[in-house]
Amino acid sequence: MTQPVTIIMIEDDEGHARLIERNIRRSGVNNEIVPFANGTDAVKYLFGADGSGLVQKGHALLILLDLNLPDMSGIDILRRIKENKYLRASPVVVLTTTDDSQEIKRCYELGCNVYITKPVNYENFANAIRQLGLFFSVIQVPPAAT
């Protein structure tokens, strides 16, 4: 039996975080969502007290990552995830307001799986997240390396 996928949401904007969770739920996804409002807390959770990532061994994670965080760059978090033997297979969805082509290219080069620019319009943003939720309901996520 496969382990349920835990969605890790790293989003500092409380309104965006609520909108993301609400619309993922509306699309029928009932997986646990673990929210973080800053990179420091997210990194501690993902990599554990020793920083190795071993704490996630065998867990299936899907990571929603905002690039513009108050305490560190989402790019740095993405790099650390994709360089870590336990976390590198976890899908990372970059969900951010940045639509700079160089930033998008850099995220894909570092290993992000999907890059989504948050629409400015509320309805468009809500619709985009519902579609993302539908995507989550059909993708297969491997557990962290064992």
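Each value, and the rule that gives it
- Residues numbered from 1 in each chain as written.
- Predicted model: local features only at pLDDT ≥ 70, side-chain atom pairs only at ≥ 80, totals over all residues.
- Heavy atoms only, no water.
- Helix = DSSP H or I, 4+ residues; strand = E, 2+ residues; numbered from the N terminus.
- Buried < 20%, exposed > 50% of the residue type's maximum accessible area, 1.4 Å probe, protein only.
- Patch = residues over 30% accessible without salt bridge, like charges linked within 9 Å, V, L, I, M, F, W, Y side chains within 5 Å.
- Areas by Shrake-Rupley, 256 points an atom, 1.4 Å probe, with all protein chains shown as cover.
- Salt bridge = Lys/Arg side-chain N within 4 Å of Asp/Glu carboxyl O.
- Lys, Arg positive; Asp, Glu negative; His and termini not counted.
- Charge placed at Lys NZ, Arg CZ, Asp CG, Glu CD.
- Pairing = 2+ DSSP bridges.
- Axes fitted to C-alpha atoms, helices over the stretch in contact; angles between N-to-C directions.
- Phe/Tyr/Trp six-rings, centres within 6.5 Å; stacked < 30°, edge-to-face > 60°.
- Lys NZ or Arg CZ within 6 Å of the ring centre and 35° of its normal.
- Core = buried A, V, L, I, M, F, W, Y, C linked by side-chain atoms within 4.5 Å.
- Contact = heavy atoms within 4.5 Å.
- Polar contact = N/O pair within 3.5 Å; in protein donor to acceptor, adjacent residues only side chain to side chain.

## A short note on the environment of Leu134
Part 1: By the element assignment, Leu134 lies in helix H5 (residues 122-138).
Part 2: Under the relative-accessibility criterion, Leu134 is labelled partly exposed at 49%.
Part 3: Sequence separation between Leu134 and Arg25 is 109 residues; the distance between their C-alpha atoms is 9.8 Å.

## Some remarks on a negative patch on the surface
Part 1: Taken together, Asp12, Asp13, Asp41 and Asp71 make up a surface patch of like negative charges.
Part 2: Mapped onto the fold, Asp13 is located in the loop between strand E1 (6-10) and helix H1 (14-26).

## Here's the deal with the sheet that holds strand E5 (residues 114-117)
Part 1: In spatial order, the strands read E2-E1-E3-E4-E5; together these five strands make up an open sheet with parallel pairing. With one partner strand each, in any of the chains shown, strand E2 (33-36) and E5 form the two edges of the open sheet. Neighbour to neighbour, the strand axes of the sheet diverge by 15° on average, direction disregarded.

## So, the packing of aromatic side chains
The geometry of an aromatic ring pair is captured by the separation of the ring centres together with the interplanar angle, meaning the angle of the planes.
Part 1: Following the criterion strictly, the structure yields one aromatic pair and no others.
Part 2: Arranged with centres 5.2 Å apart and planes meeting at 45°, the rings of Phe36 and Tyr45 form a pair that is tilted.
Part 3: With a relative accessible area of 13%, Phe36 lands in the buried category.
Part 4: When the ring centre of Phe47 is taken as origin, the NZ or CZ atom of Arg80, which lies over that ring, is 4.4 Å away.

## Focus on the nonpolar core
Part 1: In this structure, Ile8, Ile10, Leu46, Ile63, Leu65, Ile81 and Cys107 are the most contacted members of the largest nonpolar core, which totals 23 residues.
Part 2: Every element with two or more residues in this core is listed here: E1, E2, helix H2 (39-47), strand E3 (61-65), helix H3 (74-83) and strand E4 (92-96).
Part 3: Excluding residues that lie within four positions of it along the chain, Ile63 makes contacts with Ile8, Ile10, Leu46, Ile81, Ser90, Pro91, Val92 and Val93.
Part 4: Judged by nonpolar contacts, the second largest core, of 22 residues, contains Met9, Leu64, Phe136 and Val141.

## Considering the side chain of Thr98
Part 1: Secondary-structure assignment places Thr98 in the loop between E4 and helix H4 (101-110).
Part 2: Within the local environment of Thr98, its side chain forms a polar contact with the side chain of Asn68, the two groups lying 3.2 Å apart.
Part 3: With near-sequence residues (within four places) excluded, Thr98 lies in contact with Asn68, Glu103, Tyr115 and Thr117.

## Quick word on the pairing of E4
Part 1: Most of E4 is tucked away, with five of its five residues classed as buried.
Part 2: Side-chain alternation along E4 places Val92, Val94 and Thr96 on one buried face and Val93 and Leu95 on a second face that is also buried.
Part 3: Note: E3 against E4, three bridges, orientation parallel. Pairing of Ile63 across the sheet is with Val92, part of E4.

## Points about the environment of Val43
Part 1: Its place among the elements puts Val43 in helix H2.
Part 2: When the C-alpha positions of Val43 and Ile77 are compared, they lie 7.2 Å apart, and in sequence the two are 34 residues distant.
Part 3: Beyond its immediate chain neighbours, meaning those up to four positions away, Val43 contacts Gly48, Met72, Ile77 and Arg80.

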